[in-house]
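Single-letter residue listing:
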Amino acid sequence: SVTEVTPLEGQDAKLFGTAGGDPAMNGLYTYVAFYIDAAQGWRVFRIGDFLDYRVLRAAPGVVDLEVQESVLNPANDEITSRTRRLIVTWTPAGPDGAPEAISVTPAR
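Structure report, in brief. (Residues numbered from 1 in each chain as written. Predicted model: local features only at pLDDT ≥ 70, side-chain atom pairs only at ≥ 80, totals over all residues. Heavy atoms only, no water.)

**Concerning the overall build of the chain**
Okay, so step 1: Summing up its helical and strand segments, the chain has zero helices and eight strands in all.
Okay, so step 2: Secondary structure of the chain in N-to-C order comes out as β-β-β-β-β-β-β-β.
Okay, so step 3: A principal-axis box enclosing the C-alpha atoms of the chain has dimensions of 50 × 30 × 20 Å.
Okay, so step 4: Every one of the 108 residues in the chain was classed for burial, and the buried ones make up 35%.
Okay, so step 5: Here the analysis covers contacts within the chain between residues at least 6 apart in sequence; of these, 31% occur between residues at least 24 apart.
Okay, so step 6: Accessible area for the chain stands at about 6300 Å²; split by element, carbon and sulfur atoms hold 51% of it.
Okay, so step 7: Averaging the coordinates of the 9 positive side-chain charges in the chain and doing the same for the 14 negative ones gives two points 6 Å apart. (Helix = DSSP H or I, 4+ residues; strand = E, 2+ residues; numbered from the N terminus. Buried < 20%, exposed > 50% of the residue type's maximum accessible area, 1.4 Å probe, protein only. Contact = heavy atoms within 4.5 Å. Areas by Shrake-Rupley, 256 points an atom, 1.4 Å probe, with all protein chains shown as cover. Lys, Arg positive; Asp, Glu negative; His and termini not counted. Charge placed at Lys NZ, Arg CZ, Asp CG, Glu CD.)

**A look at the packing of aromatic side chains**
Okay, so step 1: In the structure shown here, the tally under the stated rule is four aromatic pairs.
Okay, so step 2: Their ring planes at 20° and their centres at 5.1 Å tell us that Phe-16 and Tyr-31 sit as a pair that is stacked. Taken together, the residues Phe-16 in strand β2 (residues 13-19) and Tyr-31 in strand β3 (residues 28-37) connect sequence positions 15 residues apart. With respect to class, Phe-16 is no different from Tyr-31; both count as buried.
Okay, so step 3: Between Phe-34 and Phe-45, the aromatic rings sit 6.0 Å apart at their centres with planes inclined by 70°, giving edge-to-face as the arrangement. With Phe-34 in strand β3 and Phe-45 in strand β4 (residues 41-50), the pair connects residues that are eleven residues apart, well separated along the chain. (Phe/Tyr/Trp six-rings, centres within 6.5 Å; stacked < 30°, edge-to-face > 60°.)

**Focus: the sheet that holds β2**
Strand pairing in a sheet relies on backbone hydrogen bonds, with the paired strands running either antiparallel or parallel.
Okay, so step 1: Pairing within the open sheet is antiparallel, and its four strands lie in the order β1-β2-β3-β4. The open sheet has two edge strands, β1 (2-8) and β4, and neither has a second partner. The sheet shows a mean angle of 20° between the axes of neighbouring strands, direction not considered.
Okay, so step 2: With six bridges connecting them, β1 and β2 associate as antiparallel partners. Each residue of the ladder has a partner; that of Val-2, found in β2, is Thr-18. (Pairing = 2+ DSSP bridges. Axes fitted to C-alpha atoms, helices over the stretch in contact; angles between N-to-C directions.)

Encoded structure:
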């Protein structure tokens, strides 16, 4: 089920998360979706699996995220958490304005 929705202001786009899996190990499946029209609905792309996300900045074609995630240390099977930042980018394509693909890169 959808547990979080974050509209991207000034764009026909939103981020959303669905609950699933083990919440202790990144159970928030996180997506970005672009509205096409009433007949076609939304074009959806998966960003990743996290514990939580927060939008730091959103502008046309880009959203900067801070994500919280669990990490398993294979040496001792210990679960720790970390925070990292990601940049999600896209270029509108075609007559509907929705992108054909997105790019997710680590922020520095």
